[in-house]
Amino acid sequence: MLYIDGQWQAAASGATFAVTDPATGKVLDHVADGGAADARRAIEAAAAAFDGWAGLTAYQRSEKLYAAYHLMLERREDLAKLMTSEQGKPLRAARIEVGYAADFLLWFAEEAKRVYGQTIPSNRAEQRFMVLHQPVGVCAAITPWNYPVSMLTRKIGPALAAGCTIVLKPAEQTPLCAIEVFKILDEVGLPPGVVNLVPTSDPVPVGAELLSAPEVRKLTFTGSTEVGKLLMAQAATTMKRVSMELGGHAPFIVYDDADPKRAATGAAMVKVLNTGQACICPNRLYVQRGIADAFIAALADRIGKMQAGSGFTEGVQIGPLVDQPSLEKVDRQVRDAVAKGATVVTGGQRLTDGPLADGYFFAPTVLTGVTDEMVIYREETFGPVAPVIVFDTEDEVLAMANDTEYGLASYVYTNDLGRAYRSIEKLKFGIVGVNDINPTGAAAPFGGVKSSGLGREGGQDGITEYLDTKLVGLSF
Ligand code: NAD
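On a predicted model such as this, the values are computed, not experimentally measured, just so you know. (Residues numbered from 1 in each chain as written. Predicted model: local features only at pLDDT ≥ 70, side-chain atom pairs only at ≥ 80, totals over all residues. Heavy atoms only, no water.)

What follows covers the site of the ligand. As a structural note, the neighbourhood of the ligand is formed by 29 residues, with Thr143, Arg154, Glu172, Ser224 and Glu380 the closest of them. In the model, an oxygen atom of the ligand is placed 2.9 Å from a nitrogen or oxygen of the Trp145 side chain. Take Arg154: an N or O atom from its side chain is 2.8 Å from an oxygen atom of the ligand. Protein coverage of the free-state accessible area of the ligand, which is 850 Å², stands at 89%. Each residue belonging to the shell around the ligand can be placed in one class, and the counts come to 16 nonpolar, eight polar and five charged. (Near = heavy atom within 4 Å. Polar contact = N/O pair within 3.5 Å; in protein donor to acceptor, adjacent residues only side chain to side chain. Areas by Shrake-Rupley, 256 points an atom, 1.4 Å probe, with all protein chains shown as cover. Nonpolar A, V, L, I, M, F, W, Y, C, P; charged D, E, K, R; others polar.)

Okay, here's the thing in structure tokens:
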């Protein structure tokens, strides 16, 4: 169903599309297939609701976000099970994601009350300057399938807290999770039109309608760099504000003073996060020569023992990839690397035995001897493959780590404070984890530089992305 102006409804065309389980290929449900006309109605509803919503007190808006936070936690188990069916991640990871998603509602329920202004002295005695922050207006949100609940609340939370209204287009692979999030927003009694949902099987016409609409004042997007660039160009025609959370190609640097086993444990865990389908997954693992053998052995041991299967099976750490093209991309990258001289230490192929036959499974893999001629060295993998590169010096590894168009997450393992500090300062990335594989949280400003995007989500910065600055000159 679409959710427009406070009503659950069919698409204007009457069309629907199928949603499948990536572990089995089975159809889970059919969803209303929104088109440009539906997007237009949603934009009009959001525009009509804007003044009323922005005119409430921050305390009133905050109440709704608190209510949504509590309801999301009450529904945690149902939402997690739906996510495992629709997106494929292991149930334990799905439960964690719902908690993370709810955290954004809580954080922004609190931040709503902290949109402060400023008074500034003037060089004219009879003048004062004042600065206010006001909601930007109607926001269009376009979200990915890999975190199908938290990527929604990371946008809806700050937009609503700031006083914006929103039209959201979820990924075509995961509309069912989006519908459940919007049921929560409906039940907490948001005024009609404040939040609107337009699922679609074809993002192009809905995207074009959202991006060409003069009423839409901001685009907030999470997805691939390729699509992000396309949308940014479209947004330019009506000079919309944009926030872009795009792809990554994270380096994971292990210096020779680090404990190789501890570093391998961290690398393995963050590599298989969401079966390798997270924007912060390491895509190049650099290990210093002195501990390379110990690190590779520990990494291969951990990764090689990981169990693949349905996210509902206890103990499974590797779920299916989201679809056939994703599986083919991972397979192609591994074959390219091997053809150019990489060694497969563990894994390296599709998994098709028994119950895995109908899903999109790839074996958790460690490659060594990876070089910058290989496609995997440059292109985001989005799968459970760990490419390892051995290095000699600090300067060399920092230059290699920065040699990418991306700049989202990066990781450093060391016990040397000087090395840690130099690496933090020199890495051209929005995020650096030092002996830390989870540098994320609702309170933290998440985002990238270069082709990884613009703007930050979460933290204090998260709400400013939804606010305009107004300068007042006051003479008396
Ligand atoms: P994608 O770019 O293919 O799709 C993302 C969204 O864009 C989907 O909703 C899709 O329907 C929509 N879309 C695609 N073409 C469009 C068009 N022409 N007009 C309007 N909308 C369009 O990305 P994906 O495969 O869903 O997600 C994976 C990517 O997202 C990876 O690159 C990953 O790194 C990135 N990602 C980034 C972050 C971050 O915070 N930086 C978080 C999660 C995922």
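We are not done yet, so read on.
The next thing to look at is the sheet that holds strand S6 (residues 127-135). Spatially, the three strands line up as an open sheet ordered S5-S6-S22, and their pairing is antiparallel. The strands lining the two open edges of the sheet, one partner per strand, are strand S5 (118-121) and strand S22 (467-475). This sheet shows a mean twist of 25 degrees between the axes of neighbouring strands, independent of strand direction. Relative to S22, S6 is paired through nine bridges, and the arrangement is antiparallel. Paired with Leu132 across the two strands is Lys470, which belongs to S22. (Pairing = 2+ DSSP bridges. Helix = DSSP H or I, 4+ residues; strand = E, 2+ residues; numbered from the N terminus. Axes fitted to C-alpha atoms, helices over the stretch in contact; angles between N-to-C directions.)

In strand S3 (residues 16-20), alternate side chains face the same way, and those of Phe17 and Val19 are buried while those of Thr16, Ala18 and Thr20 on the opposite face are not. Strand direction decides the pairing type here: S3 and strand S4 (residues 27-32), joined by five bridges, are antiparallel. Bridge pairing in S4 places Phe17 opposite Val31. Connecting S3 to the antiparallel partner S4 that follows it, the hairpin turn spans six residues, and Gly25 within it adopts a positive phi of roughly 75 degrees. (Buried < 20%, exposed > 50% of the residue type's maximum accessible area, 1.4 Å probe, protein only.)

Our next topic: the pattern of salt bridges. Using the criterion set out here, one finds 24 salt bridges in the structure. As a salt-bridge pair, Glu44 and Arg40 come within 3.1 Å of each other at their nearest N and O atoms. Note that Glu44 and Arg40 are positioned in helix H1 (residues 36-55) at a spacing of four residues, about one turn of the helix. The shortest N-O distance in the salt bridge between Glu394 and Arg419 comes to 3.8 Å. Separated by 25 residues along the polypeptide, Glu394 in helix H12 (residues 394-402) and Arg419 in helix H13 (residues 417-426) bring together distant segments of the chain. On the accessibility criterion, Arg419 (13% relative accessible area) is buried. Salt bridges sharing common partners tie together Asp256, Asp257, Glu394, Arg419 and Arg422. (Salt bridge = Lys/Arg side-chain N within 4 Å of Asp/Glu carboxyl O.)

A separate point is the domain arrangement of the protein. Examined at the domain level, the protein breaks down into domain 1 (2-246 + 450-475) and domain 2 (250-434). For domain 1 versus domain 2, the separation of C-alpha centres amounts to 31 Å. In this assembly, 24 residues from domain 1 lie in contact with 29 residues from domain 2. Between the two partners, domain 1 and domain 2, sit one salt bridge. (Domains from an automatic or database assignment. Contact = heavy atoms within 4.5 Å.)

Another aspect to go through is unusual backbone geometry. A positive phi angle, close to 50 degrees, is found at Asn435, a residue other than glycine. Topologically, Asn435 is positioned in the loop between strand S20 (431-434) and strand S21 (453-454). On the accessibility criterion, Asn435 (22% relative accessible area) is partly exposed. Here the phi dihedral of Lys450 falls at roughly 55 degrees; this positive angle occurs in a residue that is not glycine. Within the element layout of this structure, Lys450 appears in the loop between S20 and S21. The exposure class of Lys450 is partly exposed, given its relative accessible area of 42%.

As a further point, take the packing of helix H3 (residues 76-87) against helix H4 (residues 91-111). Two elements in contact, H3 and H4, have axes whose closest approach is 8 Å; the angle formed by their N-to-C orientations is 125 degrees. The angle between H3 and H4 falls in the class oblique. Considering how the two elements wind past one another, H3 and H4 form a crossing that is right-handed. Contacts between H3 and H4 pair Arg76, Glu77, Leu79, Ala80, Lys81, Met83 and Thr84 from the former with Leu91, Ala94, Arg95, Ile96, Glu97, Val98 and Gly99 from the latter. Partitioned by chemical class, the residues of the contact of H3 with H4 number seven nonpolar, two polar and five charged. (Parallel < 35°, antiparallel > 145°, perpendicular 65-115°, else oblique. Left-handed = near helix turned anticlockwise from the far one by under 90°.)

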